[in-house]
Amino acid sequence: SETRCYEDARAALAWLAANRPDPRGYFVVGHSLGGAVAIEVATTERAVAGVVTESTFTSIYDMAAQTAARYLPLDSVLTQRFDSIAKVERLKVPILIVHGTADQLIPVDMARQLYAKAPEPKQLLIVEGASHHNVGPAGGSEYDGLVKQFVSVAFANRSAALGGAQQGHLGVR
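Presented here is an overview of the structure given in this document. (Residues numbered from 1 in each chain as written. Predicted model: local features only at pLDDT ≥ 70, side-chain atom pairs only at ≥ 80, totals over all residues. Heavy atoms only, no water.)

### So, the environment of Ala14
Worth spelling out the cut-off: Helix numbers and strand numbers start at the N terminus; a helix is a DSSP run of H or I with at least 4 residues, a strand a run of E with at least 2. Note on exposure labels: buried denotes an accessible area under 20% of the residue type's maximum, exposed denotes more than 50%, and partly exposed covers the range between, all computed with a 1.4 Å probe on protein chains only.
Turning to its location among the elements, Ala14 is positioned in helix α1 (residues 2–19). Accessibility expressed as a relative area gives 46% for Ala14, which makes it partly exposed.

Below, the structure is given as structure tokens:
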């Protein structure tokens, strides 16, 4: 269930914090459905320093509305929402949203919608030609470099925020 997914992710984060303490915090990373879980956890857990999503949808409702299921009474039928588009605006940590242009499962426009709703600091990487399952490898060194930069800037901003400095803009690629 949706609730159990969130509970499992919170339990994993709690285990990590107890067994591998890091005062800088932790990054939650999620692919596809995992992106919805990562966004949820990042909106509620203070130990999170940043969130990375890959090939993530806006909500299960939006996904179903694109298919033949749109003819069903979706509000009555869907019991699991994974409504990231409603949650992403509540983030208090940086987010990196990554999506491929050749994703045939989740439209790249959903990444753009999440990015538009997310507060700063945020970053969007659209990987030309990447599918649902290969956005990292297809992004190559640009992807690797951006993730490293994102983590570095997020940790620096978190440290600065603890000291009262202003957070920086991460941008779009």
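Following the structure, the description resumes.
### Overview of α1
Stated precisely, the cut-off is as follows: How far a helix is expected to stretch is found by multiplying one less than its residue total by 1.5 Å. In this description, the arc belongs to the directions extending from the helix axis to the C-beta atoms. Should any heavy atoms of two residues lie within 4.5 Å, those residues are counted as being in contact.
Helix length check: α1 (18 residues) gives 26 Å between terminal C-alpha atoms against 26 Å at 1.5 Å per residue, within 8%. The set of residues buried in α1 consists of Glu2, Tyr6 and Leu13. Burial along α1 is one-sided: seen end-on, the buried residues are contained in an arc of 30 degrees. Within α1, the exposed residues directed more than 90 degrees away from the buried face are Arg4, Asp8, Trp15 and Ala18. Elements that come into contact with the buried residues of α1 comprise β1 (26–31), α2 (33–44), β2 (48–54) and α5 (84–87).

### Regarding the packing of α1 against α2
This is how it is decided: In this analysis an axis means a line fitted to C-alpha atoms, helices contributing only their contacting stretch, and an angle means the value between N-to-C directions, from 0 to 180 degrees. Angle categories are assigned with fixed cut-offs, so that under 35 degrees is roughly parallel, over 145 is roughly antiparallel, 65 to 115 is roughly perpendicular, and the rest are oblique. By convention the crossing between two helices is left-handed if the near helix lies anticlockwise of the far one by an angle smaller than a right angle, and right-handed if it lies clockwise. Ten residues, namely Ala, Val, Leu, Ile, Met, Phe, Trp, Tyr, Cys and Pro, are considered nonpolar, four, namely Asp, Glu, Lys and Arg, are considered charged, and the remaining ones, Gly among them, are considered polar.
Put simply, α1 and α2 touch, their axes get as near as 10 Å, and they point 60 degrees apart. By the angle class used here, α1 and α2 are oblique. In this structure, α1 crosses over α2, and the sense of that crossing is right-handed. In contact with Cys5, Tyr6, Ala9, Arg10 and Leu13 of α1, α2 contributes Ala36, Val37, Glu40, Val41 and Thr44. Among the residues forming the contact of α1 with α2, the class breakdown is seven nonpolar, one polar and two charged.

### Overview of the side chain of Ser55
The following threshold applies: Polar contacts, as used here, are pairs of N or O atoms within 3.5 Å; protein pairs need one atom able to donate a hydrogen and one able to accept it. Residues neighboring in sequence count only if both atoms are side-chain atoms.
Note that Ser55 resides in the loop between β2 and α3 (60–65). According to the relative accessible area criterion, Ser55 is buried, its value standing at 0%. Within the structure, the side chain of Ser55 is placed 3.3 Å from the backbone oxygen of His132, a separation counted as a polar contact. With near-sequence residues (within four places) excluded, Ser55 lies in contact with His31, Ser32, Val98, His99, Asp103, Ile106, Ser131, His132 and Val135.

### A closer look at the packing of aromatic side chains
Cut-off, in case you're wondering: Ring pairs shown here join Phe, Tyr and Trp side chains whose ring centres sit within 6.5 Å, with only the six-membered ring taken for Trp; geometry is labelled stacked below 30 degrees between planes, edge-to-face above 60, and tilted in between. A positively charged side chain is recorded as over a ring if its NZ (Lys) or CZ (Arg) lies within 6 Å of the ring centre. The angle to the ring normal must also be within 35 degrees.
By the definition in use, this model includes three aromatic pairs. Here Phe27 and Phe150 contribute two aromatic rings whose centre-to-centre distance is 5.9 Å and whose plane-to-plane angle is 65 degrees, an arrangement assigned as edge-to-face. Of this pair, Phe27 sits in strand β1 while Phe150 sits in helix α7 (residues 135–162), and the two are 123 residues apart along the sequence. Residue classification places Phe150 among the buried residues on the basis of a relative accessible area of 0%. Judged by centre distance (5.1 Å) and plane angle (75 degrees), the rings of Phe27 and Phe155 are edge-to-face. Here Phe27 is found in strand β1, whereas its partner Phe155 is found in helix α7, with 128 residues between them in sequence. The positively charged end of Arg24 is found above the aromatic ring belonging to Phe155, 4.1 Å away from the centroid. Stacked on the ring of Tyr115, the Lys or Arg Lys122 has its end atom at 4.5 Å from the ring centre.

### What about α2?
Over its 12 residues, α2 extends 18 Å from the first C-alpha to the last, a length consistent with the 16 Å expected when each residue adds 1.5 Å. In terms of burial, α2 is largely enclosed, as nine of its 12 residues are buried. Those residues of α2 that fall on the buried side of the exposure criterion are Gly35, Ala36, Val37, Ala38, Ile39, Glu40, Val41, Ala42 and Thr43.

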